[in-house]
Amino acid sequence: MAPQHLCVTVAMGQDVQIHGPSDTAMQVNGETELLCQVFITDKNGSERSPVTQPFNVTWYFKPENSNNSRVVLTFISDKGNNYTVSTNASKYQSTQKSAVGLRIMHGNLTDAGLYTCHLDAPNQNSDGYGAHVMVIDNPICFNENKDVDYRQNITLRCSVNFRGYQPPFVYWRMGMMKLNSSTEFVNNTFLNETLVMKADEHMNGYLYHCHVEYVGLLQIECPSYPLVVVYKPPKISSLVVTPVAGRDHTRIPLGSQVRLQCSADGHPYPIYSFHFRPWSNPSSRRELSSHNFYIITSFQPQDQGTYICFAMNEIKDRSHYDTKNVTLLLQEVEYSQPYSVGGAGQTWDSNSIGSEAQAQQADSGNQPSRPSFPSTTGSHNIFSPYAIGAVISAALAVILIIVFIVIATRVKKRDRKMREKLARAHDETLDDQEVELLDETVQPNGHYMPAEYSRLKMSWEIPRKDVRLLEQIGRGSFVEVWKGRMRRTPGTNDIMRIIIKKLDTEATERERHFFTTELEVMKMLPAHPNIIRLVGSYTTNDPWLLMFEVAQEGTLLEFLQRHRPGKQEIVMGRCGDEPVFMHKQTLTAQKLLCLVAQVASGLEHLQKFKLIYFRLQCARVLVAKGGVCKLSGFGFPQEMADRNAYQQSSAPVRWMAPESLVDSVYNVKTDIWAFGVLMWEVLHFGLTPWPHLGPQEVLESVHTGKRMAPPPHCSKPIYNLMMRCWMGEPDDRPTYDTVLDTMSRLVTEADQHVQYTHLPAYLHSLDGGADGDGDEISHA
Ligand SMILES: Nc1ncnc2c1ncn2[C@@H]1O[C@H](COP(=O)(O)OP(=O)(O)OP(=O)(O)O)[C@@H](O)[C@H]1O
């Protein structure tokens, strides 16, 4: 039954009138409000308020499936200025005078039903008109199949307990897309919404949401936990040979460089390897590379043969393979059958590895027949001795010419190869050969001026002989990080210390792309004291290098952990067996807040160029001499989203905003969220955020609106700033302007805002480097 409710005028032609309430809905433990508008009409029939005559309004409630009504609130107004309310105040409240409202609190399923307001004024009263209140309990959502195999069914269920004269509208969605699910009414107060999907590897890590709605009145969502994991054995989608030699790309000119690139999909990500079966001995096989590509620098006769790409992954302790092969032959050789890229494409599991022999046979069946030689048998002709002499002379002349051409070509080729080899050897061994150019005893002059090459705008590209790698200090996902030296000005011995990021020579195309994008972004970004400075690059030959200013203190995380309270001495090194200590400088409250403010200042600079951070956290911020924070590793949002997707396995859940977790959104507002977490980390001297929870629990907590508790040693304004950064609605998070304003106020009164006397005990007990050993805080 649809309620009669809107704009119902009672006591027509009289002074005091009332408009009835509208249907509404609420969640269990929530609240809702029903309004009856009381007004008077003037002679022209226009509505006016406030009401200047005495009147009473009584609210009645008839629970769902019951015939009995009871009074829940009475509102008595004298001449419109004074009124009294009688009700059960913990459950119901009245709202304003002219809109006589009923607020229902602490929502419960038993609150569902029909609510009616009755007007009682001199000479007039109404029978009352009502509206329905519908109530929904928190829906329960779950993924029945935590991990499934590709193409198996995934079942997501959502159970909704409701009361009301009509059921809510329920569906499953992924992002903004509504999905086809089925609704089953268990009875008229309970329903199940079930979504069944064929598992696809692209579903990995996605959260689906069950959407429960009374249209226009109330919407509730619940996410499908645990996250979907879809296993898929590897499937090689392409094996590309470059350069393509003519129409038949398996014929390779002698001496050319050949690159074989293999791509496969599957989950977990496949591990690749390249194998080789020589043309001269097809029954032998050797592994060439454990990457998804292989490069032949100069194709030679012995390189002829079949190249096989293997992609392998392991699913629940079983190994799965796929293979694809291509046969490469020298262009000069003529064969009776054409070659083609072998599309074996079988998926083998570990138990069927024996079938590899068959595959080899199948492949060799696919191989071209060997070149045929002229028959030694045949008919014999008789020539005159003159003719024979002439033929022999001519043949000798031709042979001499051929020998001359061959020798000349070989000498030329040898010279060219020697030059290439020398050039390569020069780059490879440079670090050993150039010692005297960049002498250890030459001291850097200490100023971080840009290298003269870039300052003179000659180029960012630095000659390789002017750069020296000294010691590897770290690793990124596809780079090695080295300490090194570089000649500041061409042709001089003015040397500066630098940090060099060296791209892995076997980096994939995508990783090279990420590397060059980092270079391009750094080149175009104007200098800022809180952004790490690029000093040069080398991308002429492999391995490519990026050169940066040195952040002597390492990462912000290391810096904070070194300066944890209570730790008075740190080991600087060893003298024989004896450790050498250095007295530790304590970080003051002001210094702590300054570190946070510097990060905000660097972020603000990035924002001006529409750049965002790649996984902002203390472990990714660098600290230079004097405790100056330096940001590195940022880029354009799309690029960062791609990189996050590429390095998904290491997603920093503890620093991620809900929209990054659910919809892979990365923007300024998600950086602000991470900044709030970084602020928490700094104020806890590098403690892992959400220390008591595992990553999955963090994810659930963030989704259900939970946030980290106020730190006992920090003031309310500090916690308020963090909490604002963690607002669920991205637009409610502060801008960098606001953050910087707040930070500058906090820094000037730092001692009032961070009180070391109230530091939680576990921060003291972290002394000694072993993170939280034996205390109640768990560390990820
Ligand atoms: N300029 C620098 N000064 C001092 N140390 C540095 C510098 N740059 C990098 N490092 C060190 O090298 C480590 C790895 O560098 P970085 O995190 O920048 O690599 P990355 O390629 O961005 O890593 P990933 O692939 O994980 O994103 C850092 O954690 C830090 O310890």
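Residues numbered from 1 in each chain as written. Predicted model: local features only at pLDDT ≥ 70, side-chain atom pairs only at ≥ 80, totals over all residues.

- In the annotation of an unreviewed UniProt entry, the chain is listed under the name Receptor protein-tyrosine kinase and assigned to Littorina saxatilis.
- One UniProt comment on the chain, placed under Subcellular location (unreviewed entry), says "Membrane". (UniProt positions renumbered as here; feature names shortened; annotations may be inferred.)

**Overview of the site of the ligand**
Consideration 1: With respect to spatial proximity, 17 residues lie near the ligand, and among them G474, G476, S477, V481 and A551 are the closest.
Consideration 2: Taken together, the residues of the shell around the ligand sort by class into nine nonpolar, seven polar and one charged. (Near = placed C-beta within 6 Å. Nonpolar A, V, L, I, M, F, W, Y, C, P; charged D, E, K, R; others polar.)

**Quick word on the packing of helix α6 (residues 589-608) against helix α9 (residues 668-683)**
Consideration 1: One way to put it is that α6 packs onto α9 with a least axis distance of 10 Å and a crossing angle of 165 degrees. By the angle class used here, α6 and α9 are roughly antiparallel. At the point where α6 passes α9, the crossing takes the right-handed sense. Each of L592, L595, V596, V599, A600, L603 and Q607 in α6 lies in contact with α9, whose residues at this interface are V668, D671, F675, L678, M679, V682 and L683. (Axes fitted to C-alpha atoms, helices over the stretch in contact; angles between N-to-C directions. Helix = DSSP H or I, 4+ residues; strand = E, 2+ residues; numbered from the N terminus. Parallel < 35°, antiparallel > 145°, perpendicular 65-115°, else oblique. Left-handed = near helix turned anticlockwise from the far one by under 90°. Contact = placed C-beta atoms within 7 Å.)

**Let's talk about the nonpolar core**
For soluble globular proteins, nonpolar side chains are generally found buried alongside one another.
Consideration 1: With 89 residues, the main nonpolar core has M547 and F675 as its most contacted residues.
Consideration 2: Those residues in contact with M547 that lie beyond four places of it in its chain are I462, V467, M486, I498, I500, V535, G536 and S537.
Consideration 3: Counting residues in each nonpolar core, the second largest holds 50 residues, with W59, A131, V160 and Y214 among its members. (Core = buried A, V, L, I, M, F, W, Y, C linked by C-beta atoms within 7 Å. Buried ≥ 20, exposed ≤ 12 C-beta atoms within 10 Å, placed from the backbone.)

**Quick notes on helix α10 (residues 695-703)**
Consideration 1: Every buried residue of α10 is accounted for by V698, L699 and V702. Buried residues of α10 fall within an arc of 100 degrees about the axis and therefore sit on the same side.
Consideration 2: Here the buried face of α10 lies against α8 (658-663).
Consideration 3: One or two steps after α10, the chain reaches G705, where phi turns positive at roughly 85 degrees. (Arc of directions from axis to C-beta.)

**Some remarks on unusual backbone geometry**
Consideration 1: Cis geometry marks the peptide bond from D542 to P543, where omega comes out at -10 degrees.
Consideration 2: Residue position: P543 is located in the loop between β34 (534-538) and β35 (545-548).
Consideration 3: Within the chain, W690 stands out as a residue other than glycine whose phi angle is a positive 50 degrees.
Consideration 4: Residue placement: W690 occurs in the loop between α9 and α10.

**Brief notes about the sheet that holds strand β40 (residues 621-624)**
Consideration 1: The strand order across the open sheet formed by three strands is β36-β40-β41, and the pairing between neighbours is antiparallel. Looking at strand neighbours, the two that pair on one side only are β36 (554-555) and β41 (628-631), the edges of this open sheet.
Consideration 2: One ladder, built from two bridges, connects β36 with β40; its direction is antiparallel. Within β40, the residue paired with G554 across the bridge is V623.
Consideration 3: α6 rests against β40 and β41 of the sheet, and its axis sits at about 30 degrees to β41. (Pairing = 2+ DSSP bridges.)

**Things to note about the UniProt feature "site: Important for interaction with phosphotyrosine-binding proteins" (unreviewed entry) in the chain**
Consideration 1: Feature annotation in UniProt assigns "site: Important for interaction with phosphotyrosine-binding proteins" (unreviewed entry) to the following positions: Y756.
Consideration 2: In this structure Y756 touches P565, A589 and H713, once residues within four positions along its chain are discounted.

**Here we look at the pairing of β41**
Consideration 1: Examined bridge by bridge, β40 and β41 share four bridges and lie antiparallel to one another. Bridge pairing in β41 links V623 to C629.
Consideration 2: Where β40 folds back onto β41 in an antiparallel hairpin, the turn is made up of three residues, including G626, whose phi is positive at roughly 80 degrees.

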